[in-house]
Amino acid sequence: MEEILLNFSRTHEIASYIIVFFSIFIEGAIITLVAGVLSAKNYLDINYVILAAFLASVLHDLLFWYLGKNILHLKKTRFLVNIEKTENLIRKLKNHNGLYISISKFSWGFNRIVLAAAGIMKTPLKKLLSYSIPSCLVWSIAVAYLGNIFSSKIDILGKGLKTASLFVILLIVIFIVLENIIRKFFERKYYPNNNDSKNI
């Protein structure tokens, strides 16, 4: 397994970071976590992983803020973001949207709701970035190093393919559970009467 990863990282180094960058838009935390695991044995450079995750997450924030500002407020689409939840959130967070832009970064699905709400509220771009950039940086470093340290301590990549895969899957499951705990906390706090939690 190590030989395969090493050969790929050497022959497709730039492609590896491009894959990390664009994958962030699909499921940022898991991709960054796995990239952090791979960086433990220098298959990927941890600094470039953080840079790719940081840049992609900032663009991700801008994308969903733009959707909220220019598209979702027209109620012409429900793709990617649950509009009903976004409207409920707006009513609760008018005076604290910046705080939740930062906190929600650690729950990827809920983060999109917050960003769309910020867009619908016409939060200025400069204000959005003043919260988004620091939180994206902290998030990128924290998640990448979580994968890196976990892999280093257990030596995931030094084990067989099957064992390594199981460890990575376990780490991903743990992270997803933590994300869902954060999401459920916000759901109970800000729209407790809304039982539809499937379309975040």
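Residues numbered from 1 in each chain as written. Predicted model: local features only at pLDDT ≥ 70, side-chain atom pairs only at ≥ 80, totals over all residues. Heavy atoms only, no water.

Draft legend 1. Structural detail: the confidence of the model for the protein. Chain-level statistics for the protein give a pLDDT mean of 76 and a share of 68% at 70 or above. Here residues 194-200 scores under 50 on pLDDT; set against residues more than four positions off or in separate chains, the count is 18 contacts. (pLDDT = per-residue confidence, 0-100. Contact = heavy atoms within 4.5 Å.)

Draft legend 2. Seen up close, unusual backbone geometry. One non-glycine residue with positive phi stands out, namely Lys 122, at about 60°. Positionally, Lys 122 belongs in the loop between α6 (108-120) and α7 (125-154). Looking at Lys 122, the relative accessible area reads 45%, which means it is partly exposed. (Helix = DSSP H or I, 4+ residues; strand = E, 2+ residues; numbered from the N terminus. Buried < 20%, exposed > 50% of the residue type's maximum accessible area, 1.4 Å probe, protein only.)

Draft legend 3. How the structure looks around the environment of Tyr 131. If you trace the backbone, Tyr 131 turns up in helix α7. A relative accessible area of 31% means that Tyr 131 is categorised as partly exposed. Taking C-alpha positions, Tyr 131 is 9.2 Å from Tyr 100, a pair spaced 31 residues apart along the chain. Apart from the residues lying within four places of it in its own chain, the contact partners of Tyr 131 are Gly 98, Leu 99, Ile 101 and Ser 102.

Draft legend 4. Structural detail: the pattern of salt bridges. Scanning all chains against the criterion turns up one salt bridge. Here Asp 61 ties to Lys 105 by a salt bridge, and the two come within 2.6 Å at their closest N and O atoms. Highlighted residues: Asp 61 in helix α3 (residues 46-70) and Lys 105 in the loop between α5 (97-103) and α6, separated in sequence by 44 residues. Assessed through its relative accessible area of 0%, Asp 61 is described here as buried. Its relative accessible area of 0% is what places Lys 105 among the buried residues. (Salt bridge = Lys/Arg side-chain N within 4 Å of Asp/Glu carboxyl O.)

Draft legend 5. Main features of the nonpolar core. Formed by 24 residues in total, the largest nonpolar core has its most connected members in Leu 33, Val 49 and Trp 139. Secondary-structure elements contributing two or more residues to this core are α2 (13-39), α3, α7 and α8 (161-190). No other element matches α2, which puts nine residues into this core. When sequence neighbours within four positions are dropped, the list of residues in contact with Trp 139 reads Gly 28, Ala 29, Thr 32, Ala 53, Ser 57, Lys 105, Phe 106 and Trp 108. (Core = buried A, V, L, I, M, F, W, Y, C linked by side-chain atoms within 4.5 Å.)

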